[in-house]
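A look at the structure
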Amino acid sequence: MEDYAEELRSPPVSLIALVGCSEHHHMLSTYLHSEQPPINTLALPDFSKISLLLSDSHRNNNKSSSPTTDPLSSSSSGILKKDWFLKHRTRVPAVVAALFSSDHISGDPAQWLQVCTDLENLKNEIRSKNIKLAVVGVQSSSSAEISEDRMIALRKRAEVDSKFLVIFNPYDDSQLQQSLSRLGTVFAELATTYYRDEGRRIKTRVEKKNFNSPELHVRYCFKVAVYAEFRRDWAEALRFYEDAYHTLREMVGTTNRLPAIQRLVEIKAVAEQLYFKISTLLLHGAKVVEAVTWFRQHYVSYRRLVGAPEATFLHWEWMSKQFLVFAELLETSSKAFPSNFNPLLGTGERPLTEWEFQPAYYYQLAAHYLKEKRKYLELAVSISETDGEIDNGAESVTPSIYVGQFARLLEQGDTYVMQPLSDEEYTSYAISEGKRYQDSFEIIVLLKKSYESYNSLKALRMASLCGFQMAREHFAMGDFNNAKQLLDGVASLYRQEGWVTLLWDVLGYLQDCSRKSGTVKEFIEYSLEMAALPISSDTEVHSFRSKDVGPAGPASLSQREIIHNEVFGLVSGDASRAIAENNDDLKITGDSPLRLEIDLVSPLRSALLATVAFHEQIIKPGVPALITLSLLSHLPLTVNIDQLQIQFNQSECNFTIINSERTESARMTNDQQGPRVESAPSLALVTNKWLRLTYAVMSEQSGKLECIYVAAKMGPHFTICCRAESPASMDELPLWKFEDRVETFPTRDPALAFSGQKASQVEEPDPQVDLILDSAGPALVGESFMVPVTVASKGHAIFSGELKINLVDVRGGGLFSPREAEPSSMENHHVELLGVIGLDEEDESQVWADKITKIQQSFGLVSVPKLGNAESWSCNLEIKWHRPKPVMLFVSLGYFTDSNELTSPKVHVHKSLQIEGKNAIQISHIFMLPFRQDPLLLSTIKPSSDAGEPASLPLNGSSLLIISAKNCSEVPLQLQSISVEDDDDNERQFTLQHSGDLLGSAQLMPGEEFRKVFTVVPELKASKLKLGTVSLRWKRNLETNNHPSTVGWILTKHELPEIIVEISPLVVNLESPPYAILGEPFKYQVKIRNHTQLLQEVKFSLADSQSFLLSGSHSDTIFILPKSEHILSYKIVPLTSGLQQLPRVTVTSQRYLAEFQPSLAASSIFVFPCEPHFKKSDNGDKRKESVMAE
Amino acid sequence: MIVCVAVVGHQNNPLYIQSFTEADDALKLHHIVHCSLDVVDERVNNPKKSGPMLNETFLGLLYPTENYKVYGYLTNTKVKFILVTTDLDVKDADVRNFFRRFHAAYVDAVSNPFHVPGKKITSRTFADRVSSIVKSFGLSSTV
């Protein structure tokens, strides 16, 4: 853009000339220039200069037919004059302001005459050019006055309107400002008039079309547009520029004024200028979409106008310039765009795309066309050289006065004559001009702009393309460092996205760069990567024969093979295999051995991939463990490896595999290798086929054993060091993963391929100490249960060790750990570790008891004394169950065999045991009333569904309480005592008798039940009477089970429920003999006793029974006096023998609406067929008891 | 005339790329297709710029190069189709129609149980079908 002249780049500014009174010129020019819009001034000190100025432009006009004077000229020799625009901006004023001092105006006649003469001359000068005139009277002093007459006379002489005659007073500040602004307005108005008149004058010519050459049409339109620009009428300017542009485009086929090449050059030059103006106007108006659309039309319409073949490069140069200029325009004006500028893109009605609004796009294309230009220029240069043309006077060729025209400047004596050129002359001139420029630098600059711009737009792929093209330029110029730097960036993008063909091309350049700069390592790396690219034989081989193909040649399988051979020829030092082409600097010698590192992200993984899988995830120390080493290569040809070194993190495990086919090369390095050397029959890597090798490694050291590197040695001085990978977590090969190919597992065993790891855990040595946990059956709740723990050495001496004891809830209720249960909440521990008791002699236990580190409810830490080989030590864990539940006991022993804890491994033995905790004794109780006596208890009348109701006992009536204890365990128990104890110290509200104290020690076999009968007589009416707690003392029966268990008696408590004591208003007693004899009558009495102070009405009825003959009233209503007893008496004769049901009596108390019927058991009697003969004894009570117990 | 069609996968890797020119500019076409992915990304990441094209698979003209026009299409599974043509006056309807048929062919090709998703499409049937679609491009509008 800087190539364009200033007058094209900036909007035109009105020009006026100031004549006379030169001392005020500076102030006036400064003021006018700072006006909005600004006005430029030409300051002429005196009136004679104006004629020089104007005649100067006249003289120029005289040479060619002036458009102003010769509108009908049909054969103009050019389209636009180069200096026309400049002339109007700098030399042809729109207004001439004649400044006359007031002294002169109102002075003596001589002075006045001078004024008139000057004015007259001036008028004559400017009249032909239609330049406007303004007359300014300058007050020579603050008090000077100009007479009215002289003013009128002056105006008449000047033939100007009165408003264009201005008095200028520079001495009074307030009047100065006023007159300056007045002058500004006047000049602006006159200038606008001038430009409008001029524009209109030419516009009428355009409209009348009274000319017959399109050149004139273009020229006139251009002028009208320029005049419009002077007036800041952008819309009209744009319209006429466009008109000129279109007319010009039509001229291409019609005009034949100049030789063909030059004609085209001229048209293009004019079009460029017109287009530049149009673009500038559009972009200044922020009409970006229009500008872009215009530009597209512009280049599309001129792109095909290549012109004559020998001057093609001119066309491409021109095209490149168009793009460059538009890019620069877009870049400078893009700041003015609104940030949310949002055109609809890519749609049918607005076929513009994102990049067309970005300068980067145009820079890139400018570079592209510049490359075209260079190509054709080189062609043209070579042709001209072969033709042997000499640059005949190209230096005398200069641009002619018309835009886009060139002429030869001939010296004829004192004057210079412009002589038209022939096309051949012009071409040779253009070629010689073109040779002066280094296009490559220009191209790189353009591409770099584009590259940076695209990068900032995050368009990485476009940027990569630019980077690649830049790199190619650098490469062509031999600047390999820059080229490599760019190409590396580009290659990484292509690698990442898997564009193999593009990557191949880039790598080809990189390979050649490194070849030419002699860096062997990089050369081999790039070559290996190329050789391992997924390019198969059927990948579009034919379409890569273009000249665009980089130094690597077309991407094909055969090319890969060539590269492969070249690399391996180089590394093997075998010159015959290498391509004998400037490989002199590339050598691998013993002095500079080459070692390539391939890590997990290296692109060379496809050249060599090494996976290592341990067959076992855990291996034992000192025991050989198998590992499978798998190598994969995608190089096109088979690779023979001389030797493989496998390196582990435990360096004593390292080993080397030697290819037995190549022993001579391997043997050389044999000596300095690690201790272990294996030999393999063949180490040939076939393409895309795993080479699987299985070897055993042995580690003595516990911990992690990891394979780190697999180094493959190929040739005498070349090593590829490959970081080992685990098959299970191996990433796919970056480029090959997109290929549709056969994939095999790195190991023979597919399971190992999915799970194999390159690292394995070496176990600690096997413990040679036994840890024995013993427990006899389930533990009983309440007792201190002993679990014996024995540590017995079977080969290892224990230098120091400790036992860790943990109690864990089996049902997953959580660890009984001190973390979970705070010390305060002891109750949470249903099972508790009480302590550890040694079985050794007292004094020794004293010693080690100090070492006990910790005993908590569920966790214990006990140190183990020093033990020699085959010695043993044991202790007892004392555990108490508070609730019946199973518990897992974990005991782990960690010990050192050696005094040095750092070196000797700590060995762990773990044991666990599940111990059941059970209730030993189940205690239950029953309340019973005396036989055949039923008190009416009012609380029982109401039917109660709730079984949990407390039992009711009659006040002062004796009831029986039977307490039974059942042995639920599997071991015999011994009972000491069973008693009911008060809970508190209150006075007892009942009397309690029991049937006598036990039992020195009662044996209770498993499943057996022991009962004890108490008699309870409540003495106080109470709704809730606490009877106390049953205390039972028991222990395991040690005679039957030799168990190291409880010493003392264990107390199990059972709380009796509360009872209700109430007064019974009525008591019914049934009285009958204990037995009856068939046919013998007996007496059956029902006694109803009224305990109340009230008269009780009682109904009773008696049901007949078939087994008895009965006498007495069947039913009646009777009244029982207070505190008295009514007896219903019956005589009964049994008719049937056996256990018979006595006739059932039903008693109903009317007051309480309570019905009573004796139970079946109470109303049964046994009828003997004849008088039985009993052995009478005294313990009749006891028999009765046993009957009750059943 | 269509000079190149391409299927581009999730990681912007080429799944299928085929040029249909006699000239030796396959590499250039590869570059063009690759660069057009930038525009696809731009359109996908700034959907508001696309305005009414929301939820549309057809991405429209991606960018014009000096001799080619590049059109894009984005499937629901984020697989991109790129079309490079030398025709300077292309009807949107034709391109849409082309992409619709191309998409159908692609769906059939990847429905092959032996095709591994994400790998290159090597099916010969697909290639034949694509070339017939390419040959018939633009004919529908003239008929």
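Residues numbered from 1 in each chain as written. Chains lettered and ligands numbered in written order. Predicted model: local features only at pLDDT ≥ 70, side-chain atom pairs only at ≥ 80, totals over all residues. Heavy atoms only, no water.

1. Section: the overall build of chain A
Counting secondary structure elements, chain A contains 26 helices and 55 strands. Across the 1190 residues of chain A, 50% fall into the buried class. In chain A, once contacts between residues fewer than 6 apart in sequence are set aside, the share between residues at least 24 apart is 74%. Working note: accessible area of chain A is about 55,900 Å², and carbon and sulfur atoms make up 51% of it. (Helix = DSSP H or I, 4+ residues; strand = E, 2+ residues; numbered from the N terminus. Buried < 20%, exposed > 50% of the residue type's maximum accessible area, 1.4 Å probe, protein only. Contact = heavy atoms within 4.5 Å. Areas by Shrake-Rupley, 256 points an atom, 1.4 Å probe, with all protein chains shown as cover.)

2. Regarding the environment of Ile646(A)
Residues and elements named next belong to chain A. You can see Ile 646 is positioned in strand S14 (residues 643-648). Residue Ile 646 is classed as buried on the basis of its relative accessible area, which comes to 1%. Note: C-alpha distance between Ile 646 and Ile 708 (62 residues apart in sequence) is 7.8 Å. Beyond its immediate sequence surroundings of up to four residues, Ile 646 is in contact with Leu 629, Asn 654, Phe 655, Ile 657, Cys 707, Tyr 709 and Val 710.

3. Quick notes on helix H7 (residues 148-158) of chain A
Residues and elements named next belong to chain A. Every buried residue of H7 is listed here: Met 151, Leu 154 and Ala 158. Seen from one end, H7 has its buried residues packed into an arc of 65°, which puts them on one side. Within H7, the exposed residues directed more than 90 degrees away from the buried face are Glu 148, Asp 149 and Lys 156. Residues of H7 that are buried sit in contact with helix H5 (102-105), helix H6 (109-127), strand S4 (132-138) and strand S5 (165-168). Once H7 finishes, Glu 159 follows within two positions and takes phi at roughly 55°, a positive value. (Arc of directions from axis to C-beta.)

4. A few points about the pairing of strand S3 (residues 58-64) of chain B
Regular strands place side chains that alternate from one sheet face to the opposite one. All names here are of chain B. Most of S3 sits out of view: 7 of its 7 residues are buried. In this structure, S3 lies alongside strand S4 (residues 69-74), joined through 5 bridges in antiparallel fashion. Across the sheet, Leu 61 pairs through a bridge with Tyr 71, a residue of S4. Between S3 and the antiparallel strand that follows it, S4, lie 4 residues. (Pairing = 2+ DSSP bridges.)

5. Some details on the sheet that holds strand S1 (residues 14-19) of chain A
In a beta sheet, neighbouring strands are held together by backbone hydrogen bonds and run either parallel or antiparallel to one another. All names here are of chain A. Here we have 5 strands laid out as an open sheet, ordered S2-S1-S3-S4-S5, and parallel in their pairing. Edge positions in the sheet fall to strand S2 (39-44) and S5, since each of these pairs with one other strand and no more. Taking the axes of each pair of neighbouring strands and ignoring which way they run, one obtains an average angle of 25° across the sheet. Here 7 bridges tie strand S3 (residues 95-101) to S4, and the two strands are oriented parallel to one another. By the bridge assignment, Ala 97 is partnered in S4 with Ala 134. (Axes fitted to C-alpha atoms, helices over the stretch in contact; angles between N-to-C directions.)

6. Quick look at the packing of aromatic side chains
Residues and elements named next belong to chain A. Considering all chains together, one arrives at 44 aromatic pairs over all chains under this definition. Relative to Trp 318, the ring of Tyr 302 has its centre 5.3 Å away and its plane inclined at 55°; by these criteria the two rings are tilted. Of this pair, Tyr 302 sits in helix H12 (residues 288-303) while Trp 318 is found in helix H13 (residues 312-333), placing the two residues 16 residues apart along the sequence. The pair formed by Tyr 302 and Trp 318 is uniform in burial state, with each residue classed as buried. Against the face of Phe 655 rests Arg 676, its NZ or CZ located 4.5 Å from the ring centre. (Phe/Tyr/Trp six-rings, centres within 6.5 Å; stacked < 30°, edge-to-face > 60°. Lys NZ or Arg CZ within 6 Å of the ring centre and 35° of its normal.)

7. Quick word on the confidence of the model for chain A
All names here are of chain A. Averaged over all residues, the pLDDT of chain A is 76; the fraction at 70 or higher stands at 81%. Considering only residues more than four positions removed or in separate chains, one finds that residues 540-546, a stretch of pLDDT under 50, has 15 contacts. Low confidence marks residues 576-582, where pLDDT is under 50. Its contacts with residues over four positions away, or in another chain, come to 12 contacts. (pLDDT = per-residue confidence, 0-100.)

8. Overview of unusual backbone geometry
For Lys1123(A), which is not glycine, the phi torsion reads 55° and is therefore positive. Tracing the backbone through its elements, the reader meets Lys1123(A) in the loop between strand S50 (1115-1120) and strand S51 (1125-1134). Located in the positive-phi region is Asn12(B), a residue other than glycine, with phi close to 60°. Within the secondary structure layout, Asn12(B) lies in the loop between strand S1 (2-8) and strand S2 (14-19).

9. Section: the pattern of salt bridges
All names here are of chain A. On inspection of all chains with the given rule, the structure shows 30 salt bridges over all chains. One salt bridge in this structure joins Lys 516 and Asp 512, with 3.1 Å as the shortest N-O distance. One end of the pair is Lys 516 and the other is Asp 512, both in helix H19 (residues 500-517) and 4 residues apart, which spans about a single turn. For Lys 516, a relative accessible area of 43% puts it in the partly exposed group. (Salt bridge = Lys/Arg side-chain N within 4 Å of Asp/Glu carboxyl O.)

10. A few points about a nonpolar patch on the surface
Taken together, the side chains of Leu1095(A), Phe1119(A) and Leu1121(A) define a hydrophobic patch exposed on the protein surface, amounting to about 310 Å² of accessible area. Mapped onto the elements of the fold, Phe1119(A) is located in strand S50. (Patch = residues over 30% accessible without salt bridge, like charges linked within 9 Å, V, L, I, M, F, W, Y side chains within 5 Å.)

11. Thoughts on the side chain of Ser450(A)
All names here are of chain A. Examined against the element boundaries, Ser 450 turns out to sit in helix H16 (residues 439-456). With a relative accessible area of 0%, Ser 450 lands in the buried category. At 2.9 Å, the side chain of Ser 450 and the backbone oxygen of Ala 360 are in polar contact. In contact with Ser 450, not counting residues within four places along its chain, are Ala 360, Tyr 363, Gln 364 and Cys 466. (Polar contact = N/O pair within 3.5 Å; in protein donor to acceptor, adjacent residues only side chain to side chain.)

12. Some remarks on the state of the cysteines
Tallied over the full model, the rule gives 0 disulfides over all chains. Here Cys466(A) is not disulfide-linked; the sulfur of Cys35(B) is the nearest cysteine sulfur, at 7.5 Å. Accessibility expressed as a relative area gives 0% for Cys466(A), which makes it buried. (Disulfide = S-S within 2.5 Å.)

13. Details of the packing of helix H14 (residues 359-386) of chain A against helix H15 (residues 423-435) of chain A
Residue and element names in this part refer to chain A. One can describe the packing of H14 onto H15 by two numbers: an axis separation of 10 Å at closest approach and a directional angle of 120°. One element, H14, and the other, H15, form an angle in the oblique class. Crossing angle aside, the handedness with which H14 passes H15 is left-handed. Along its contact with H14, which presents Leu 377, Ala 380, Val 381, Ser 384 and Glu 385, the element H15 presents Ile 431, Gly 434 and Lys 435. (Parallel < 35°, antiparallel > 145°, perpendicular 65-115°, else oblique. Left-handed = near helix turned anticlockwise from the far one by under 90°.)

14. A few points about the nonpolar core
Of all hydrophobic cores here, the largest spans 236 residues; its most connected members are Phe187(A), Ile524(A), Leu528(A) and Leu644(A). Among the elements that make up this core, the one with the highest residue count is helix H11 (residues 260-284) of chain A (12 residues). (Core = buried A, V, L, I, M, F, W, Y, C linked by side-chain atoms within 4.5 Å.)

15. Structural notes on the sheet that holds strand S43 (residues 1050-1055) of chain A
Residue and element names in this part refer to chain A. Strands sit in the order S39-S37-S42-S43 across an open sheet of 4 strands; the sheet is antiparallel. Among the strands making up the open sheet, the edge pair consists of strand S39 (1002-1004) and S43. Within the sheet, the average angular offset between the axes of one strand and its neighbour, ignoring direction, is 35°. As defined by bridge partners, strand S37 (residues 973-981) adjoins strand S42 (residues 1029-1036) across 8 bridges and the pair is classed as antiparallel. For Ser 977, the partnering residue across the bridge sits in S42 and is Arg 1033.

16. Quick look at the pairing of strand S24 (residues 784-793) of chain A
Residues and elements named next belong to chain A. Taking burial as the measure, the 10 residues of S24 include 7 buried ones, the bulk of the element. Bridge count between S24 and strand S29 (residues 872-881): 9 bridges; the pairing is antiparallel. By the bridge assignment for S29, Val 789 is matched with Cys 875.

17. Notes on helix H20 (residues 520-531) of chain A
All names here are of chain A. Along its 12 residues, H20 runs 16 Å from first to last C-alpha, staying within 8% of the 16 Å computed at 1.5 Å per residue. Along H20, 9 of the 12 residues are buried, which leaves the element largely enclosed by surrounding structure. Listed as buried for H20 are Val 520, Phe 523, Ile 524, Tyr 526, Ser 527, Leu 528, Glu 529, Met 530 and Ala 531. Along its buried surface, H20 packs onto helix H18 (480-497), H19, helix H21 (557-572), strand S9 (594-598) and strand S20 (718-723). (Expected span 1.5 Å × (residues − 1).)

18. A word on the side chain of Ser726(A)
Here Ser726(A) is to be found in the loop between S20 and helix H23 (750-755). Overall, Ser726(A) belongs to the buried group, its relative accessible area being 6%.

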